[in-house]
Amino acid sequence: MLRMHRENLDDRAKDREAVTREMKAQRDELMALLTKREAEHVELKQRVETESTLLRFVAGDGSEGNQGWIGEIRSQVEQLKQFRWQLIAGGATLLLVLDKVWPLVKGH
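Residues numbered from 1 in each chain as written. Predicted model: local features only at pLDDT ≥ 70, side-chain atom pairs only at ≥ 80, totals over all residues. Heavy atoms only, no water.

Novice: So what's going on with the overall build of the chain? Residues and values would help.
Specialist: The helix and strand inventory of the chain stands at two helices and zero strands. Expressed along its principal axes, the backbone C-alpha trace of the chain runs to roughly 145 × 25 × 15 Å. The distance from the centre of the 18 positive side-chain charges to the centre of the 18 negative ones in the chain is 3 Å. (Helix = DSSP H or I, 4+ residues; strand = E, 2+ residues; numbered from the N terminus. Lys, Arg positive; Asp, Glu negative; His and termini not counted. Charge placed at Lys NZ, Arg CZ, Asp CG, Glu CD.)

Novice: Which residues make up the packing of helix α1 (residues 2-59) against helix α2 (residues 68-107), and what values do they have?
Specialist: Two numbers describe how α1 lies on α2: the axes approach to 2 Å, and their chain directions differ by 10°. Relative to α2, α1 is oriented roughly parallel. On α2, the residues that touch Phe-57, Val-58 and Ala-59 of α1 are Gly-68, Trp-69 and Ile-70. For the contact of α1 with α2, the per-class residue count stands at five nonpolar, one polar and no charged. (Axes fitted to C-alpha atoms, helices over the stretch in contact; angles between N-to-C directions. Parallel < 35°, antiparallel > 145°, perpendicular 65-115°, else oblique. Contact = heavy atoms within 4.5 Å. Nonpolar A, V, L, I, M, F, W, Y, C, P; charged D, E, K, R; others polar.)

Novice: Before we move on, could you go through the pattern of salt bridges and cite the residues and values that matter?
Specialist: With the rule as written, the count across this model stands at four salt bridges. The partner of Asp-28 in a salt bridge is Arg-27, with the nearest N and O atoms 3.5 Å apart. In this structure, Glu-43 engages Arg-47 in a salt bridge whose closest nitrogen and oxygen atoms are separated by 3.2 Å. Pair noted here: Glu-43 and Arg-47 are both in helix α1, with a separation of four residues, about one helical turn. Exposure remark for Arg-47: the relative accessible area of 41% places this residue in the partly exposed category. (Salt bridge = Lys/Arg side-chain N within 4 Å of Asp/Glu carboxyl O. Buried < 20%, exposed > 50% of the residue type's maximum accessible area, 1.4 Å probe, protein only.)

Novice: Account for a nonpolar patch on the surface, naming residues and giving values.
Specialist: A cluster of nonpolar side chains, Leu-54, Phe-57, Trp-69, Ile-73 and Val-77, forms an exposed patch at the surface whose accessible area comes to about 520 Å². At the level of secondary structure, the elements contributing two or more residues to the nonpolar patch comprise α1 and α2. Looking at the secondary structure, you find Phe-57 in helix α1. (Patch = residues over 30% accessible without salt bridge, like charges linked within 9 Å, V, L, I, M, F, W, Y side chains within 5 Å. Areas by Shrake-Rupley, 256 points an atom, 1.4 Å probe, with all protein chains shown as cover.)

Geometric descriptors of this kind do not, in isolation, establish any biological role.
Here it is in structure tokens:
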């Protein structure tokens, strides 16, 4: 009877040791996974910061004077449109002047 009791206690101790080893192995796996996820989080956070900085640089952040590349390009396109109309108006004026002046020059 005492022998059976002792064997039962030994079996329980072995079971506890096995469970303890299993729990430690699971804990180690979880810690490795956590470390991996933390590294991925840091990498994603850095990527988001880089991309948002680039986006603010390209598109501007909406503050006065910071239009970004897109705003700067739009501004230059508007300036070119105005310059084109100035050239057209200047050319039309030149044609009108030549139309009036040329006969005088030719006849002189």
